[in-house]
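Working through the structure, step by step
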Amino acid sequence: MTNIAVLTAYVIVLSLYVNLGIALYGIFARPSLVKKLIAITILSDTANAFAVLVGYRWPRNALPKPPVIPELPVTRRVLEEYTSSAVDPLPQALVLTAIVIGLAITLFIAFIIIQYYRLYGTVDVRKVRRI
Amino acid sequence: MVTKIDVFVAISIAIFVLSLAYITSLGGLGPLPPVDVRDIAYQYLNLTYNPWRRFLTSFALESVTAIIWDFRGLDTLYETAVFYGAIIASIALYRGVKITHSRGGTGLSPIAKTVTRLSFVLIPTVAASVALHGHLTPGGGFQAGSIATVVIVLAIIVFSRYFLPGHGLSKERALLLRSIGLLGVGLTSIGLLLISFLLGVNAYIFQNQAKLDAPLSYPSLVDDYTLGGSLLFFNLSEFIAVAFGFMIVFLLLSVSEEDVREVVTRD
């Protein structure tokens with residue numbers, strides 16, 4: 001593992017924190033429901049990227065590999081190399097599930113916001129509160 | 001206009017982000033990038049395709065798909081159900097909206113339409129390939145469905161919202177096809193269980209390969225082609241379910257505003 005890899009990992013983590021901050025600001029401070037929805041998607045994407053990062057690894061004596069067995073037939077050597085260098089597939093699987101459910105929720109919220117706009121002519125929470 | 005509350009929220013969040021960064025710099029997340037994975041990851045990686053542990057493996061080359069549709073298949077069934085429910089709820093919001101006639105939209109130029117017609121063949125081919133190889137390479141049913149959705153969005157934008165219903169792909173038919181996809185997922189999950197009733201042997205829900213006390217298996221190898229057992233059927237069913245689920249959503253999103261307002265204001 002090189003110093004560049006370590007530096008890159010810290011830059012990615014810092015970027016995710018900044019993303020988290022932007023998303024929280026959008027959710028708490030922006031009055032528009034559309035911008036709140038955009039901020040929620042940024043928040044969920046940040047959480048997903050974090051989950052994938054948690055499952056990443058850079059083995060000491062090899063380069064990291066994706067969780068896909070590269071060749072057939074699968075011999076004991078292939079399997080050993082694979083288990084010792086592939087990244088954790090579980091967070092990736094959970095993130096895929098989270099993306100689908102997040103998308104379903106986002107779509108539903110988007111429909112509700114559109115419906116709100118049709119009924120009340122605004123998506124500003126300060127005005128919506130008074131209705 | 002920036003209010004005092006905005007400034008307070010911004011400063012609070014800045015302090016929060018800086019605190020997280022400080023904790024990370026002290027080693028709060030452990031070594032970065034991580035040098036090793038957890039024990040459970042070793043188990044999943046080791047059992048993805050392991051001919052020496054036949055009762056525990058899934059015989060797929062791609063660990064993520066093996067986890068999604070085999071090791072944690074029940075989670076994915078519920079996830080698909082959530083997606084299905086969200087689309088049903090979205091349709092419920094649009095109940096009573098009828099698309100009776102075109103309001104004059106004829107789409108973009110003939111050049112754009114010709115190029116898009118080519119993509120009508122190419123993009124679904126790529127999507128089908130991603131679905132069919134989901135157990136061998138990165139991809140799967142959801143990814144393939146998302147790719148196929150590009151065609152639907154292109155058709156709506158380039159040819160107009162009335163193009164797909166005019167060619168027999170109405171919202172109702174898309175809902176039927178989506179239900180068939182979900183039915184495929186359900187049937188694949190209980191496929192071996194149904195056969196086991198006929199044969200009088202033991203089997204489990206979401207069983208892919210034979211277990212110690214359940215001898216039935218989905219085919220894992222056909223003429224040198226690795227099928228991954230039930231994973232291929234799951235991916236194909238999910239592909240159909242997701243593609244037509246998205247189609248319903250985009251058809252609803254592109255409903256003409258006048259059509260909806262007539263219903264909304266009437267209520």
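A few points about the overall build of chain A
Scanning chain A from terminus to terminus reveals five helices and zero strands. Secondary structure elements in chain A, listed N-terminal to C-terminal, are α-α-α-α-α. Computed over the C-alpha atoms, the radius of gyration of chain A is 21 Å, more than 25% above the 14 Å expected from 2.2 N^0.38 for a compact globule of 131 residues. Oriented by its inertia axes, the alpha-carbon framework of chain A measures out at about 65 × 35 × 15 Å. Within the span of chain A, comprising 131 residues, buried residues form 25% of the whole. Once local pairs closer than 6 in sequence are excluded, the contacts in chain A between residues at least 24 apart make up 53%.

Considerations on the overall build of chain B
Across its full length, chain B carries ten helices and two strands. Scanning chain B from its N terminus toward the C terminus, one meets helices and strands in the order α-α-α-α-α-α-α-α-β-β-α-α. The C-alpha atoms of chain B give a radius of gyration of 24 Å, which is well past the 18 Å a tight globule of 267 residues would have. Dimensions of chain B, computed from the C-alpha atoms along their principal axes, are close to 65 × 60 × 40 Å. Out of the 267 residues in chain B, the part that is buried amounts to 37%.

Thoughts on the nonpolar core
Within the largest apolar cluster, 66 residues are counted, with the highest numbers of intra-cluster contacts made by B:I67, B:F239, B:A243 and B:M247. Those elements that place two or more of their residues in this core are helix 4 (89-120) of chain A together with helix 2 (39-47), helix 3 (63-71), helix 4 (73-93), helix 5 (110-132), helix 6 (141-159), helix 8 (171-199) and helix 9 (230-253) of chain B. Take this core: its biggest share by element is 16 residues, from helix 9 of chain B. Setting aside its immediate chain neighbours within four residues, B:F239 contacts B:A127, B:A131, B:G141, B:A144 and B:G145.

A closer look at the interface of chain A and chain B
Facing 48 residues of chain A, the contacting portion of chain B comprises 52 residues. Elements supplying a minimum of two residues to the side of chain A that touches chain B: helix 1 (3-29), helix 3 (76-85) and helix 4 of chain A. Take the side of chain A that touches chain B: its biggest share by element is 16 residues, from helix 4 of chain A. Considering only residue class, the side of chain A that touches chain B consists of 38 nonpolar, six polar and four charged.

Looking at the confidence of the model for chain B
This prediction gives chain B a mean pLDDT of 87; 97% of its residues lie at or above 70. Interface confidence for the predicted complex, given as ipTM, is 0.85, next to a pTM of 0.88.

Some points on the packing of helix 4 of chain B against helix 9 of chain B
How two helices sit against one another is set out by the angle between their axes and by the gap between those axes. Residue and element names in this part refer to chain B. Closest axis-to-axis distance for the helix 4/helix 9 pair is 10 Å, and the angle between their directions is 25°. In terms of axis orientation, helix 4 runs roughly parallel to helix 9. In the crossing of helix 4 with helix 9, the sense of the turn from one axis to the other is left-handed. Side by side, helix 4 and helix 9 meet where T80, F83, I87, S90 and I91 of the first sit next to E238, A241, G245, I248, V249 and L252 of the second.

Concerning helix 9 of chain B
A rise of 1.5 Å per residue sets the reference length of helix 9 of chain B, with its 24 residues, at 34 Å; its end C-alpha atoms lie 34 Å apart and thus fit the reference within 8%. Most of helix 9 of chain B sits out of view: 21 of its 24 residues are buried.

Observations concerning unusual backbone geometry
The omega angle of the peptide bond from A:L72 to A:P73 is -5°, so this bond is cis rather than trans. Along the chain, the position of A:P73 falls in the loop between helix 2 (33-54) and helix 3. Residues B:L32 and B:P33 are joined by a peptide bond in cis, for which omega reads -10°. For B:P33, the position within the fold is in the loop between helix 1 (4-25) and helix 2. With a phi angle near 55°, B:F59 is a residue other than glycine that sits in the positive phi range. Residue classification places B:F59 among the buried positions, given that 26 C-beta atoms sit within 10 Å. Within the chain, B:S160 stands out as a residue other than glycine whose phi angle is a positive 105°. Of note, B:S160 is situated in the loop between helix 6 and helix 7 (163-166). Look at B:S160 and you get partly exposed, because 18 C-beta atoms sit within 10 Å.

Topic: the environment of B:A210
Residues and elements named next belong to chain B. Looking at the element boundaries, A210 is found in the loop between helix 8 and strand 1 (221-222). Here A210 falls in the partly exposed class, since 17 other C-beta atoms lie within 10 Å of it. Here the alpha-carbon distance between A210 and R54, two residues 156 residues apart in the chain, equals 7.5 Å. When near neighbours in sequence (up to four residues on either side) are disregarded, A210 contacts R54, F55, P215, L216 and S217.

A look at the packing of helix 5 of chain B against helix 6 of chain B
Residues and elements named next belong to chain B. Between helix 5 and helix 6, the shortest axis-to-axis distance is 8 Å and the interhelical angle comes to 170°. With respect to helix 6, the axis of helix 5 lies roughly antiparallel. Residue-level contacts link A112, K113, T116, S119, F120, I123, P124, V126, A127, A128, V130 and A131 of helix 5 to G141, Q143, A144, I147, A148, V150, V151, L154, V158 and F159 of helix 6. Of the residues in the contact of helix 5 with helix 6, the class split is 17 nonpolar, four polar and one charged.

Notes on the environment of A:A39
All names here are of chain A. Within the element layout of this structure, A39 appears in helix 2. Looking at A39, the number of C-beta atoms within 10 Å reads 20, which means it is buried. A C-alpha to C-alpha distance of 26 Å links A39 and Y56, two positions 17 residues apart in sequence. Residues in contact with A39, not counting those within four places in the same chain, are A23, G26, I27 and R30.

Here is what the cut-offs are and how they apply
Residues numbered from 1 in each chain as written. Chains lettered and ligands numbered in written order. Predicted model: local features only at pLDDT ≥ 70, side-chain atom pairs only at ≥ 80, totals over all residues. Helix = DSSP H or I, 4+ residues; strand = E, 2+ residues; numbered from the N terminus. Rg over C-alpha atoms; globule rule 2.2 N^0.38 Å. Buried ≥ 20, exposed ≤ 12 C-beta atoms within 10 Å, placed from the backbone. Contact = placed C-beta atoms within 7 Å. Core = buried A, V, L, I, M, F, W, Y, C linked by C-beta atoms within 7 Å. Nonpolar A, V, L, I, M, F, W, Y, C, P; charged D, E, K, R; others polar. pLDDT = per-residue confidence, 0-100. Axes fitted to C-alpha atoms, helices over the stretch in contact; angles between N-to-C directions. Parallel < 35°, antiparallel > 145°, perpendicular 65-115°, else oblique. Left-handed = near helix turned anticlockwise from the far one by under 90°. Expected span 1.5 Å × (residues − 1).

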